[in-house]
Amino acid sequence: MQEIELKFLVPESRLKGLMRQVRVKSSEVTQLAAHYYDTPDQQLAEAGIGLRIRKEGDAWVQTIKAGGDGIAARLEHNAVLDNEQVQAMLDNNTLMPDLTIYKNTSVAPALAEFKLKKLAKNLTRLYVTDVERTTRLLVDDSGSDGDANNHVEMAYDYGEIIHGNDDTQRDAIQEIEFELISGDIDFLFATAKTWCKRYKLCLSTVTKAERGGLLITEQQHSPAVHAVLDQLNIDKKISMPAFVRAAVHNCLLQILPNSSAIVAGSEEDDHALQLYIGITRLQAALQAFASYSDEINPDWLPILKQTATLLNEYRELAHLASHIEPNLQQHGAPTVDWATDMDALKITPKDAISANDFQMTLLELIAFTMSDPSLEPQANQLAIDKLAKTLSKQQAKLGKAVQELQSKKDVGSDNINIESNDLKDDDLQSVDLDDSDLENVDSKSDDIENIDLDDNNAEHELHELHELHEQLTPLLYISEFATPLLDKKKSKKKNPRRKVNAG
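Residues numbered from 1 in each chain as written. Predicted model: local features only at pLDDT ≥ 70, side-chain atom pairs only at ≥ 80, totals over all residues. Heavy atoms only, no water.

Q: Any chance you could explain the overall build of the chain here in plain terms?
A: Within the chain, the regular secondary structure consists of 16 helices and nine strands. The buried share among the 503 residues of the chain stands at 47%. Pairs at least 24 residues apart make up 76% of the contacts formed inside the chain by residues separated by at least 6 positions. Accessible area for the chain stands at about 25,900 Å²; split by element, carbon and sulfur atoms hold 47% of it. (Helix = DSSP H or I, 4+ residues; strand = E, 2+ residues; numbered from the N terminus. Buried < 20%, exposed > 50% of the residue type's maximum accessible area, 1.4 Å probe, protein only. Contact = heavy atoms within 4.5 Å. Areas by Shrake-Rupley, 256 points an atom, 1.4 Å probe, with all protein chains shown as cover.)

Q: Mind showing me how you'd approach helix α7 (residues 240-263) here?
A: Each α-helix winds once per 3.6 residues, and so residues spaced three or four apart point in a common direction. If you check α7, its first and last C-alpha atoms are 34 Å apart, about what 24 residues at 1.5 Å a residue would give, namely 34 Å. In terms of burial, α7 is a largely internal element, 24 of the 24 residues being buried. Among the residues of α7, the N-terminal cap falls to S239, whose side-chain oxygen and the backbone nitrogen of A242 are separated by 3.3 Å. G265 sits one or two positions beyond α7 and adopts a positive phi of about 115°. (Expected span 1.5 Å × (residues − 1). Polar contact = N/O pair within 3.5 Å; in protein donor to acceptor, adjacent residues only side chain to side chain.)

Q: Explanation requested: unusual backbone geometry in the structure shown.
A: Generally, phi is negative for residues other than glycine and the peptide bonds are trans, each holding for most cases. Although it is not a glycine, N93 sits at a positive phi angle of roughly 55°. As for its placement among the helices and strands, N93 is situated in the loop between α3 (83-91) and α4 (116-122). The exposure class assigned to N93 is exposed, which follows from its relative accessible area of 69%. Positive phi values are uncommon outside glycine, yet K200 reaches one of about 55°. Position of K200 relative to the elements: it lies in the loop between α5 (185-199) and β9 (202-203).

Q: Which parts of the structure should I look at to understand the packing of α5 against helix α12 (residues 356-370)?
A: Pairs of packed helices are described in terms of their axes, by the angle between the two and the distance that separates them. Orientation of α5 relative to α12, taken along the N-to-C sense of each, is 175°, at an axis distance of 10 Å. Here α12 runs roughly antiparallel to α5, going by the angle between their axes. On the side of α5, the interface is formed by I185, F189, A192, K193, C196 and K197, while α12 contributes N356, Q359, M360, L363, E364, I366, A367 and M370. By residue class, the composition of the contact of α5 with α12 is nine nonpolar, two polar and three charged. (Axes fitted to C-alpha atoms, helices over the stretch in contact; angles between N-to-C directions. Parallel < 35°, antiparallel > 145°, perpendicular 65-115°, else oblique. Nonpolar A, V, L, I, M, F, W, Y, C, P; charged D, E, K, R; others polar.)

Q: What should I look at first to understand the packing of aromatic side chains in this one?
A: Two aromatic rings are characterised by how far apart their centres lie and by the angle between their planes. Scanning the entire structure with this criterion turns up nine aromatic pairs. Counting every residue linked through ring pairs, the aromatic cluster contains F8, F178, W195 and Y199. (Phe/Tyr/Trp six-rings, centres within 6.5 Å; stacked < 30°, edge-to-face > 60°.)

Q: Is there a simple way to think about the pairing of strand β6 (residues 124-139) in this case?
A: Two faces make up the sheet, and in a regular strand the side chains alternate between them. In this sheet, β6 lies alongside strand β2 (residues 28-38) in antiparallel orientation, the contact comprising 11 bridges. Counted as the bridge partner of T30 is R133 from β6. Relative to strand β7 (residues 151-163), β6 runs antiparallel, the two being bridged by 13 bridges. By the bridge assignment for β7, T129 is matched with I161. (Pairing = 2+ DSSP bridges.)

Q: When you look at the pattern of salt bridges in this model, what are you seeing that I'm missing?
A: Note on pairing: side chains with opposite charge can pair once their charged atoms come close. Across all of its chains, the model carries 18 salt bridges by this definition. Between R133 and D157 there is a salt bridge, with its nearest N and O atoms 2.7 Å apart. Placement of the pair is R133 in strand β6 and D157 in strand β7, with a sequence separation of 24 residues. The exposure class assigned to D157 is buried, which follows from its relative accessible area of 0%. (Salt bridge = Lys/Arg side-chain N within 4 Å of Asp/Glu carboxyl O.)

Q: What is the right way to read a nonpolar patch on the surface from this model?
A: On the surface, L137, V139 and I181 cluster together to form a nonpolar patch covering roughly 260 Å² of accessible area. Following the sequence through the fold, I181 ends up in strand β8 (residues 170-182). Among the residues examined, I181 registers a relative accessible area of 47% and is labelled partly exposed. (Patch = residues over 30% accessible without salt bridge, like charges linked within 9 Å, V, L, I, M, F, W, Y side chains within 5 Å.)

Q: I would appreciate a short explanation of the nonpolar core in the present structure.
A: Generally speaking, nonpolar side chains in soluble globular proteins are found buried as a group. Core analysis: the biggest nonpolar cluster contains 81 residues, and F8, L18, I176, F178, W195, L201 and F289 have the highest contact counts within it. Leave out the neighbours within four places in its chain, and L201 touches F8, L9, V10, P11, L18, I176, F178, W195, C196 and Q359. Of all hydrophobic cores here, the second largest spans 17 residues; its members include L44, I64, L95 and L111. (Core = buried A, V, L, I, M, F, W, Y, C linked by side-chain atoms within 4.5 Å.)

Q: Just to check I follow, could you spell out the side chain of R74 for this structure?
A: With respect to the helices and strands, R74 occurs in strand β5 (residues 73-80). On the basis of relative accessibility, which here comes to 10%, the residue R74 falls in the buried class.

Q: Help me understand the pairing of strand β1 (residues 2-9) in this model?
A: The buried fraction of β1 is high, at six of eight residues. With five bridges joining them, β1 and β8 adopt antiparallel strand pairing. Bridge pairing links L6 to F178 in β8. In the sheet, β1 pairs with β9 via two bridges, with the strands oriented antiparallel.

Q: It is not clear to me how α12 should be interpreted in this structure. Could you clarify?
A: Counted at 1.5 Å a residue, the expected span for α12 with its 15 residues is 21 Å, and the 21 Å between its end C-alpha atoms agrees. Of all 15 residues in α12, 11 are buried, a share of seventy percent or more. Inspection of α12 places N356, F358, Q359, M360, T361, L362, L363, L365, I366, F368 and T369 among the buried residues, and these make up the whole buried set.

Q: I keep staring at the side chain of S27 and nothing clicks. Help me out?
A: Topologically, S27 is positioned in the loop between α1 (12-22) and β2. Reaching out from S27, the side chain makes a polar contact with the backbone oxygen of V22 at a distance of 2.4 Å. Aside from chain neighbours lying at most four places away, what touches S27 is V22, T134, T135 and R136.

Q: In this structure, what is going on with the confidence of the model for the chain? I would like to understand it.
A: The predicted structure's coordinates, where accompanied by low pLDDT, should not be read in detail. Put simply, the chain has an average pLDDT of 85, and 80% of its residues get 70 or more. In the predicted structure, residues 490-502 sits below a pLDDT of 50 and forms 38 contacts with residues beyond four places in sequence or in another chain. (pLDDT = per-residue confidence, 0-100.)

Structure below.
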């Protein structure tokens, strides 16, 4: 079956109020003791698979999770085990999962690359979790007959992740999940938004299994996630509404893991940088492809822009303090205390990402990607038929920026000629973009930044160059989204695997 779930971290300042709504008369409290299994080198985790045996009240359940959309939906298979057999294995310290039960099931394809007998021999218990789970069933009681089928389970988890070989190594668990049990997915998002707004919750894509993997490798956070274009699910027959959803989804695959790390306390510059890039890519997609869907909310862009600006301001000062300042001091420059300037900003990356309007926007964007594009009026229109006009507009913006710059200063051999004439559909069919083309766009951006400036007009021309760079960056990202529609050659590279583990 497919599990659709949203997970959040709870700020300490809102915990008491939230617990009053979690622990009501209808709530149930269950002790969960889970054993997580993988090979010593975490082959299952690398393949996006999580495997556990968990005691849920009086029952023992073996669960495997795999695949999914990388955000909220995952494939899940549960099998109730014989309690006496489990207890006997526990007494002998031989409790291990049975992989044979997955033959001819929906999760069998996820295990196809493994030789199950060899895998079973290499499995070991890497970590365990000890959790008190408080659940409450939320029902849509708005009044219509169909709404009675809308059920969401809210689960608040409090406990620990414990190293499988060293129980002194532990990590605390305190999170809340909303899982769609039955009915319309819109009810899941409406419920999550209500709780998110009331208790200032922060989305997290970090599963318990991922945190267990970090514990045994002695890491605080997973590495920053970069854009992975191989995960862009686009082909030439894709409709306009489906195309823009795919682009937004690809951006979220970069944004959410990095924002999750930041709200969990990461101060690593690479998380902030990749989050900033992800948001910038998302802005480019929403602006360029706004006409491809009637369900794009115009309120998203201002919030994304504000968040990206706050992130970049803090990053620039942090870079000055940690990289530029030490180099200057090595060459005899006076010491500058950048901490004062950083404190003056008052808003850290964690503050910017935890802001409720940004978190609500993320929820709405996830809901958008999971909504049905076939229900839109433009569902029968192919994205490739509209792409010529879209790229022509972006080309014209860039051409105007270049012309304005060249009117201020003759850049000689660095002249960049960009025609603003409209592209035709026939032109698109003959375009064959590859990675080197996109790299050339980036190199042009570097060339522009390296143009010599007249001292008298340096400040003004730097502003002009910045404006030109601002046009080049979205053009690069838009080209990346468009490439699968234009490239005649199908990529034969395998998609890189990213850890998407069981919760």
